[in-house]
Amino acid sequence: YSTPKIVRILSGDFSVQQSDSPDRSSEFFETIFTSLPDAIMYGNLTDMIITNANIACGRTFENIDLTGKSMKDFFFSNKFSGNVDNLFDSVTSNPTEEIAFKSDTNSSNTILRVTSMIANGNFVIICRNVTQSYNYNNLILEEKMNSDKLLKTILPPLLVSRVQEGETNISFSVQSASILFLDIVNFTPWCGSLPAEKVMSTLNIIFKRFDSILDKKSSMTKVKCIGDCYMAAGGIFAELNQPSIHAKEVVSFGVQAIREIVDINKEIQQNLKIRVGVNTGGPIVAGVLGIGKPTFEILGPAINRAQQMEQNGIQMKVHISLPVYQLICGLNFKFSTRRQIELKNEVVETYL
């Protein structure tokens, strides 16, 4: 602050007050060269032997005596990694590369932004230590990757990019969808009879197996899990909505889930049973609710009917509505007609 010129610049005055003389003494330029915070070295163009290196070179390269060494030999040694070749092959264009310097005393590398150039008949290399910003950027990138990975477990993959781009109103309608609800029978007493860690580990095993089955169903999307309830749907993101196809895949998922529960019971010595309900209908509304904690939701009467199919179903059977039966009745499933049941003051015919 005691230097008037600096004060003028800090206050926004960039006007030329007086011309700096280009005829500075060699001692002036030597002082600047020695004191600059970047590590700078230079040498002749022919053999690139270092004739001078400033104080920062000592700090950066662990007090190695560089004077008299070949710059090529030094930078091509095993202490450096990165695109070193470009620094010596493209000097006319002043190339800049990020290279790593391996320390003998520190386990982590020093990241340098290195520029080479020709100045006043000398070959010059300037090295700036960017380790802190490099590590900071890597940390941000790692956190972003973790955030993206978590987001992909919450939302369907096709919607993740839209949320990342800042969209706040993601909604669309689907003409027809097949919705599945799956629930563990007598979950509450079973849950109360076991330690918490046993309950959670069992649910993890079950839902992971269900997820692996769902991954093989091209038309299906996992909607969410609520306690012991697993909710999924078919046809939500299909380019060409074909009810017969997504109805078949969703019912097939239900059948496979029942078989998977049988296998899991043998593995964990339990006797768990599930109910599965499926309905096909539409149109339904789908979209993302919330910004800070976004969730994928589907809404509509067809979803309510699918939940009623599950709640009024029979354990270890897939309980389907009449629209589902009409779409898949000619396929390789074994059906039995359920007696007519009353749902919301309406008597309907359903199938197992």
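Described below are features of the structure shown in this document. (Residues numbered from 1 in each chain as written. Predicted model: local features only at pLDDT ≥ 70, side-chain atom pairs only at ≥ 80, totals over all residues. Heavy atoms only, no water.)

## Some remarks on the nonpolar core
Step number 1: One finds Phe210, Ile274 and Val278 to be the most contacted residues of the largest nonpolar core, which totals 33 residues.
Step number 2: Going through the elements one at a time, strand 8 (177–184), helix 8 (187–192), helix 9 (196–214), strand 10 (229–234), helix 10 (243–268), strand 11 (274–281), strand 14 (318–321) and helix 12 (322–328) are the ones with two or more residues in this core.
Step number 3: When residues in this core are grouped by element, the largest group, nine residues, is from helix 10.
Step number 4: Once you skip the residues sitting within four places of it in the chain, Ile274 turns out to touch Leu182, Asp183, Ile184, Val185, Phe210, Ala257, Ile258, Ile261, Ile314, Gln315, Met316 and Lys317.
Step number 5: Counting 23 residues, the second largest nonpolar core, distinct from the first, contains Ile284, Phe296, Ala302 and Ala306. (Core = buried A, V, L, I, M, F, W, Y, C linked by side-chain atoms within 4.5 Å. Buried < 20%, exposed > 50% of the residue type's maximum accessible area, 1.4 Å probe, protein only. Helix = DSSP H or I, 4+ residues; strand = E, 2+ residues; numbered from the N terminus. Contact = heavy atoms within 4.5 Å.)

## Some words on the side chain of Ser176
Step number 1: Looking at the secondary structure, you find Ser176 in the loop between strand 7 (171–174) and strand 8.
Step number 2: Accessibility expressed as a relative area gives 12% for Ser176, which makes it buried.
Step number 3: In this structure, Ser176 is in contact with Gly235, Asn241, Pro243, His246, Thr280, Gly281 and Gly282, ignoring residues within four places of it in sequence.

## So, the pairing of strand 5 (residues 110–119)
Step number 1: Sheet analysis places strand 4 (residues 96–101) next to strand 5, joined by six bridges and oriented antiparallel. Note that in strand 5 the partner of Thr96 across the bridge is Thr115.
Step number 2: Where strand 5 meets strand 6 (residues 122–129), eight bridges bridge the pair, whose relative direction is antiparallel. Directly across from Leu112, in strand 6, lies its bridge partner Asn129.
Step number 3: What sits between strand 5 and strand 6 in their antiparallel hairpin is a turn of two residues, with Asn120 showing a positive phi close to 50°. (Pairing = 2+ DSSP bridges.)

## Some words on the sheet that holds strand 13 (residues 295–299)
Step number 1: Strands sit in the order 7-12-13 across an open sheet of three strands; the sheet is antiparallel. One side of each edge strand has no neighbouring strand; the edge strands of this open sheet are strand 7 and strand 13. Mean inter-strand twist for the sheet, computed between neighbouring axes without regard to direction, equals 20°.
Step number 2: Where strand 12 (residues 284–289) lies against strand 13, five bridges are found, and the strand directions are antiparallel. Each residue of the ladder has a partner; that of Gly287, found in strand 13, is Glu297. (Axes fitted to C-alpha atoms, helices over the stretch in contact; angles between N-to-C directions.)

## Description of a nonpolar patch on the surface
Step number 1: On the surface, Tyr1, Ile6, Val7 and Leu10 cluster together into a nonpolar patch covering about 490 Å² of accessible area.
Step number 2: In this fold, Ile6 is placed in helix 1 (residues 4–10). (Patch = residues over 30% accessible without salt bridge, like charges linked within 9 Å, V, L, I, M, F, W, Y side chains within 5 Å. Areas by Shrake-Rupley, 256 points an atom, 1.4 Å probe, with all protein chains shown as cover. Salt bridge = Lys/Arg side-chain N within 4 Å of Asp/Glu carboxyl O.)

## Quick look at the packing of helix 6 (residues 131–154) against helix 7 (residues 157–164)
Step number 1: In contact at an axis separation of 8 Å, helix 6 and helix 7 are set at 130° when each is read in the N-to-C sense. The angle between helix 6 and helix 7 falls in the class oblique. Where helix 6 crosses over helix 7, the handedness of that crossing is right-handed. Facing Asp148, Leu151 and Lys152 of helix 6, the residues of helix 7 in contact are Val160, Val163 and Gln164.
Step number 2: When grouped by side-chain class, the residues that make up the contact of helix 6 with helix 7 number three nonpolar, one polar and two charged. (Parallel < 35°, antiparallel > 145°, perpendicular 65-115°, else oblique. Left-handed = near helix turned anticlockwise from the far one by under 90°. Nonpolar A, V, L, I, M, F, W, Y, C, P; charged D, E, K, R; others polar.)

## So, the environment of Phe335
Step number 1: Inspection of the secondary structure puts Phe335 in the loop between helix 12 and strand 15 (341–343).
Step number 2: Separated by 15 residues in the primary sequence, Phe335 and Ile320 place their C-alpha atoms 9.8 Å from one another.
Step number 3: Once residues lying within four places of it in the same chain are set aside, the contact partners of Phe335 are Ile320, Tyr325, Ile328, Cys329 and Leu352.

## What to know about unusual backbone geometry
Step number 1: The linkage connecting Gly282 with the following residue, Pro283, adopts the cis geometry, with an omega of 0°.
Step number 2: Residue position: Pro283 is located in the loop between strand 11 and strand 12.
Step number 3: In this structure, Asn94 is a non-glycine residue whose phi angle is positive, near 50°.
Step number 4: Relative to the helices and strands, Asn94 resides in the loop between helix 5 (85–89) and strand 4.
Step number 5: Positive phi outside glycine occurs at Met316, with the angle close to 60°.
Step number 6: Summarising the element assignment, Met316 is placed in the loop between helix 11 (301–311) and strand 14.

## Focus on the sheet that holds strand 17 (residues 350–351)
Step number 1: Taken in spatial order, the six strands make up an open sheet running 9-10-8-11-14-17, and their pairing is mixed. Where the open sheet ends on each side, the last strands, each with one partner, are strand 9 (220–226) and strand 17.
Step number 2: Two elements, strand 9 and strand 10, share six bridges in a ladder whose sense is antiparallel. Bridge pairing in strand 10 links Thr221 to Ala233.
Step number 3: Along the sheet, helix 10 makes contact with strand 8, strand 9, strand 10, strand 11 and strand 14, crossing strand 8 at roughly 15°.

## Description of the state of the cysteines
Step number 1: Within this structure, the stated rule accounts for zero disulfides.
Step number 2: Unpaired in this structure, Cys191 has its nearest cysteine sulfur neighbour in Cys229, at a distance of 15 Å.
Step number 3: Among the residues examined, Cys191 registers a relative accessible area of 28% and is labelled partly exposed. (Disulfide = S-S within 2.5 Å.)

## Some points on helix 9
Step number 1: Across its 19 residues, helix 9 extends 27 Å between first and last C-alpha, which sits within 8% of the 27 Å expected from 1.5 Å per residue.
Step number 2: Considered for burial, the residues of helix 9 that qualify are Val199, Thr202, Leu203, Ile206, Phe207, Phe210, Ile213 and Leu214. The buried residues of helix 9 occupy one face: seen down the axis, they fall within an arc of 120°. Residues of helix 9 that are exposed and point more than 90 degrees away from the buried face comprise Glu197, Met200 and Lys208. (Expected span 1.5 Å × (residues − 1). Arc of directions from axis to C-beta.)

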